[in-house]
Each structure stands twice: as C-alpha cells, then as structure tokens.
Amino acid sequence: MWRIAAAVCVLLAGCSQVQTSDLIAPSPKTTIKYRLDTAAAETEWTQALEPELSEREPLHAEADVTAQTVFAVKTEEEPVYPFIPGFGSLDTRALGAAQEQCVRGFCGALLSGEHGVLAEFMAADMEYQLFVFLYNIRGIPALRDYLLGKPFIADGTYMTPVRLYTEQAPLDIDLFLVQEEDRWRIQQIYMRKAEHE
C-alpha cells in the first residue's frame, strides 16, 4: 500500500511543477491587434462624404441619451434617401397619399396577375395604353416585386418611376398620373428600354 501512496505523491509532485522554461511568449507581430493596426495603417481611405457630420457639437454630457433625445435633436440638413444607379432616388415624399394609393394599387394588381382590375386605374379613354403595355411585357418572366422612385411633378401631372423586379433583370416604367374628379388615375405608361431585350 505504501508503494501506491508513494507513486501517487511522485505523480502529483511532478504535475504541480510548472516548467517556465518551456513557455514561449508570442511575438507581438503575430497578435490580432497588431495585424488590425497594420491593415488600418496601410489602407488608403477615401474622403468623408459628409465631413460636417463629424464636426457637429456633441450632446451635452449630462443629457441622457435615449431614443426621445436622439429624435429631438433637430438639424437643418435634408434627409438622405437611397439612390439606385440607372433608376433614381427612392425619395417618395412628394407623392401624395392618393397618388401613392393609385400607383401601389396598380403595381399590386400587376404583380398578382389580376389584369382585369388594372383597367380601373386607367384614366378615361386610356385603357388602350394598358393593353399595349401588357402586350409588350408578355414575354418577360414573372414579376416578383416593385419599388417606387422619386416623382416628377409638372402642371398637375405626376410622373412616378416604378422598378418592377423579375426573375432576371428589372424593368423600369414611368406612370403618368392625372386627377379625374376625386381620384388619381394613370394617363400614360411609358416603358423604358428593357434590359431583357
């Protein structure tokens, strides 16, 4: 029995000794921090798009930063909206609720395949525009989604760009809206050159 106790003591004594000569400190050049600092120093940065944003006065230190205080800070700057090259800005603020309802109703019916409902969105005596448009898009793959662009307004006519997404390339159209009595309707559908062609 004493032999087993002696063997256990020898093993425990051997395991408890730390061999400091075997430990090797990593080189500072192999750390992640060093690599990130080196990559940041070697990166050529572009000019800031809006340098005035970094020059703003910070919130007072004693002010609690909450969602309410962040939204309460007023700026003189115009909001920035996404811009799609080849299509335009997605700023639809100038599109009134009635005009937007007309455009979204038309696009929703077009995507769902309810072509019989589409004529309700057309101006008087302009249904042929719809039939020409539907004839021109008959070979385009199924429409999946749409985006509205920034409208152009002139002489009571709203021209609203719409991007229709298909399984292939998007299709851009312009819807010209006019007011008839108390409703807005589509007077003309202009199809831009399709990328499918």
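The sections below set out a description of the structure shown in this document. (Residues numbered from 1 in each chain as written. Predicted model: local features only at pLDDT ≥ 70, side-chain atom pairs only at ≥ 80, totals over all residues. Heavy atoms only, no water.)

A separate point is the overall build of the chain. Check the secondary structure of the chain and you find seven helices and seven strands. Start at the N end of the chain and walk to the C end: the helices and strands fall as α-α-α-α-β-β-α-α-α-β-β-β-β-β. Expressed as a percentage of the 197 residues in the chain, the buried residues total 26%. Sequence separation of at least 24 residues holds for 49% of the intrachain contacts in the chain that already meet a minimum separation of 6. (Helix = DSSP H or I, 4+ residues; strand = E, 2+ residues; numbered from the N terminus. Buried < 20%, exposed > 50% of the residue type's maximum accessible area, 1.4 Å probe, protein only. Contact = heavy atoms within 4.5 Å.)

The next subject is the environment of Leu164. Residue placement: Leu164 occurs in strand E5 (residues 157–166). Along the primary structure Leu164 and Leu147 are separated by 17 residues, whereas in three dimensions their C-alpha atoms are 6.8 Å apart. Setting aside residues up to four positions removed in sequence, Leu164 forms contacts with Leu110, Leu111, Phe133, Leu143, Asp145, Tyr146, Pro170, Leu171 and Ile173.

Along an α-helix, residues three or four apart share an orientation, since each turn contains 3.6 residues. All of the buried residues along helix H7 (residues 127–136) are Gln129, Leu130, Phe133 and Leu134. Projected onto a plane normal to the axis of H7, the buried residues spread over an arc of 130 degrees and lie on a single side. Those residues of H7 that are exposed and angled more than 90 degrees off the buried face are Phe131 and Tyr135. (Arc of directions from axis to C-beta.)

The next subject is a nonpolar patch on the surface. On the surface, Tyr128, Phe131 and Val132 cluster together into a nonpolar patch covering about 330 Å² of accessible area. Looking at the element boundaries, Val132 is found in helix H7. Classification of Val132 as partly exposed rests on a relative accessible area of 45%. (Patch = residues over 30% accessible without salt bridge, like charges linked within 9 Å, V, L, I, M, F, W, Y side chains within 5 Å. Areas by Shrake-Rupley, 256 points an atom, 1.4 Å probe, with all protein chains shown as cover. Salt bridge = Lys/Arg side-chain N within 4 Å of Asp/Glu carboxyl O.)

One finds Phe106, Leu110, Phe133, Val162, Leu164, Ile186 and Ile189 to be the most contacted residues of the largest nonpolar core, which totals 28 residues. Where this core is concerned, the elements lending two or more residues are helix H5 (97–112), H7, strand E3 (143–148), E5, strand E6 (171–180) and strand E7 (183–191). At six residues, H5 tops the list of elements feeding residues into this core. Residues within four places of Phe133 in sequence aside, it is in contact with Phe106, Leu110, Leu164, Ile173, Ile189 and Met191. (Core = buried A, V, L, I, M, F, W, Y, C linked by side-chain atoms within 4.5 Å.)

Once that is clear, we can look at the pairing of E6. For a regular strand, side chains alternate in direction, first toward one face of the sheet and then toward the other. The buried count for E6 comes to seven of 10 residues, which makes it a mostly enclosed element. In the sheet, E5 pairs with E6 via seven bridges, with the strands oriented antiparallel. From the neighbouring strand, Val162 faces E6, where its bridge partner is Ile173. Connecting E5 to the next strand, E6, in antiparallel fashion are four residues. Between E6 and E7, which pair antiparallel one after the other, the connecting turn spans two residues, and Glu181 there sits at a positive phi close to 55 degrees. (Pairing = 2+ DSSP bridges.)

Now for the packing of aromatic side chains. The relative placement of two aromatic rings is captured by the distance of their centres and the angle of their planes. Under the definition given, this model contains two aromatic pairs. Taken together, a centroid distance of 6.5 Å and an interplanar angle of 85 degrees make the contact between Phe106 and Phe121 edge-to-face. With Phe106 in helix H5 and Phe121 in the loop between helix H6 (115–118) and H7, this residue pair connects regions lying 15 residues apart in the sequence. Phe106 gets classed as buried once you look at its relative accessible area, which sits at 0%. When the centroid spacing of 5.0 Å and the interplanar angle of 80 degrees are considered together, the rings of Tyr158 and Trp184 count as edge-to-face. (Phe/Tyr/Trp six-rings, centres within 6.5 Å; stacked < 30°, edge-to-face > 60°.)

Looking now at unusual backbone geometry. One non-glycine residue with positive phi stands out, namely Asp125, at about 60 degrees. Examined against the element boundaries, Asp125 turns out to sit in the loop between H6 and H7. The exposed category is assigned to Asp125, whose relative accessible area is 66%. Unlike most non-glycine residues, Glu181 shows phi in positive territory, near 55 degrees.

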